[in-house]
Amino acid sequence: MKDITVKDILECTDGKLITGNENIVCKEFSKDTRTIKEGDIYIGIKGENFDGNVFWKEALDNGAIGVIVQGIEVDKQDIEKYQDKVIIEVEDTLQALYKLASYKRDIYNVPVIAITGSVGKTSTKDLVSNVVVQKYKICKTIGNNNNNIGMPFTILNAPNDIEAFVLEMGMNHFGEIHLLSEIAKPTICIITNIGTSHIGNLGSRENILKAKLEILDGAKNPYMVINNDNDLLHRWYEENKDKINIKTYGINEKSDIQAKEIQLHEDGSEYQIHLNNKEEKIKVLVGGEHFVLNSLCAITVGELLNIENEDIKKGIETFSLTKNRMEVIQLKNGIKLINDAYNSSVESVKASLAYMNCVKANRRIAVLGDILETGKFAKQLHEEIGKTVCENQVDILICSGQNAKYIAESARENGFDERNIYYFEKKDEIIDLLKQTIQAEDVIVFKASNGMRFFDIAEKIKKEFQ
């Protein structure tokens, strides 16, 4: 595969070479001087509250072979000092990042699997990756680098010999996935579900669907893979199944890949599917029906990429979760802690509580915080969670957050024993209560939006009861 040179960067970004050799090969790119490696190209990203361009000298001093910057002054002394390095000036480094990532993507002729959805993006990405890697050398999104900066850097830093991309695409507003799709040009597009995440920004679930469908904007003749059990995606499928290539997966709706005879266990699930003209038994080693759906998505991708059934099954059975997502931790005296506090939505809270029902326990304790970015829907959505608590086997409800009070109020109004409802304005008070309250064989689930940092509480309780 063709290497990217300084000359290529200049041509695709309309950059100006201040100093350096046009023939230098650029292998990896970085935006962080703290983690920069010898030979990296540093890109100074300017944000609302931070300007990475001011650290260009530090990047070069720390080993970078070159920098791409905007709005800096390079004097004669700088040119003399860094004459063996590369300094490229562009009008806008963020736009340069997009153009570079798009340029590198075009060099590859490989499957590009793009994943978005209201919930389950990262877990689905992990499952899909673990299936695809059974046949292909892959480059995948690491952690939650799914935005307009993280995804382009993922592509830019892909090794030359990769055979497939698995890319996660996140968004808060219209236009964000459009940008990512135009850069990545996916060949397989996945939407896991349409829920209520970011509904405060977008105004309705229908608008969330429109924003997620931007994943198709940069694709050419793609396969679209959707969760057919989701009401809005199912309706969209019925309206568009004759227009584009759509593959469906599901449990309840008749789908191309459909789980049957599902057995849910505390530590996983088993089900039957018809795959490549054979009946197969699939084992998922993480509990919860939502992980059945996530695995069905990965199986669908495996089938599209002509991966053998045994390799697909191996990929499902050996994947591991990203930290803070349905992380089940066994503590002393049979206590179980479910750390699912990375992010939250009505749909993911329902999934977490449904999973907790499957866990054998003395008592089930739900520690719930705010779902952020809900806007004018905040009260309504948090009240819905309160009702959900009453519909599940929850013995103690603990809430904290500006809108979490609506969870507590709704649970009380829907018949939850008010003696077992606790609401705190300060989340630190939760730790003191749990230390006094937790008994042997209890199971505790932590669920809130990332900004609430409930995973910090989970970590402190973990240390207390290890």
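About the cut-offs
- Residues numbered from 1 in each chain as written.
- Predicted model: local features only at pLDDT ≥ 70, side-chain atom pairs only at ≥ 80, totals over all residues.
- Heavy atoms only, no water.
- Pairing = 2+ DSSP bridges.
- Helix = DSSP H or I, 4+ residues; strand = E, 2+ residues; numbered from the N terminus.
- Axes fitted to C-alpha atoms, helices over the stretch in contact; angles between N-to-C directions.
- Salt bridge = Lys/Arg side-chain N within 4 Å of Asp/Glu carboxyl O.
- Buried < 20%, exposed > 50% of the residue type's maximum accessible area, 1.4 Å probe, protein only.
- Parallel < 35°, antiparallel > 145°, perpendicular 65-115°, else oblique.
- Left-handed = near helix turned anticlockwise from the far one by under 90°.
- Contact = heavy atoms within 4.5 Å.
- Nonpolar A, V, L, I, M, F, W, Y, C, P; charged D, E, K, R; others polar.

Undergrad: Tell me about the sheet that holds strand β20 (residues 421–424), and please be specific about residues and values.
TA: The strand order across the open sheet built from 6 strands is β16-β17-β21-β18-β19-β20, with neighbouring strands paired in mixed fashion. Each having just a single partner strand, β16 (327–330) and β20 make up the two edges of the open sheet. Ignoring strand direction, the axes of neighbouring strands in this sheet form an average angle of 15°. Bridge analysis of strand β18 (residues 364–369) against strand β19 (residues 396–400) gives 5 bridges, and the strand direction is parallel. Bridge pairing in β19 places G369 opposite S400.

Undergrad: Run through the pattern of salt bridges, naming residues and quoting values.
TA: A side chain of one charge can pair with a side chain of the opposite charge if their charged atoms are brought near each other. The final tally for this structure, using the stated rule, is 25 salt bridges. In this structure, the salt-bridge partner of K140 is D126, at a minimum N-O distance of 3.8 Å. A residue pair is termed long-range when its members are at least 10 positions apart, and K140 in strand β7 (residues 138–140) and D126 in helix α5 (residues 121–132) qualify at 14 residues. Taking the relative accessible area as the measure of exposure, D126 reaches 6% and is therefore buried. Three or more residues joined by partner-sharing salt bridges are found here, namely K278, E280, E310 and K313.

Undergrad: I'd love a proper account of the packing of helix α13 (residues 346–358) against helix α14 (residues 378–391), names of residues and values included.
TA: Viewed as axis vectors pointing N to C, α13 and α14 meet at an angle of 15°, and their least axial separation amounts to 10 Å. By the angle between their axes, α13 is roughly parallel relative to α14. Handedness of the α13/α14 crossing: right-handed. When α13 is examined against α14, the residues V346, V349, K350 and L353 are found in contact with a partner set consisting of L381, E384, I385, T388 and V389. The residue inventory of the contact of α13 with α14, partitioned by class, reads 6 nonpolar, 1 polar and 2 charged.

The quantities given are spatial measurements derived from coordinates; they are silent on function.
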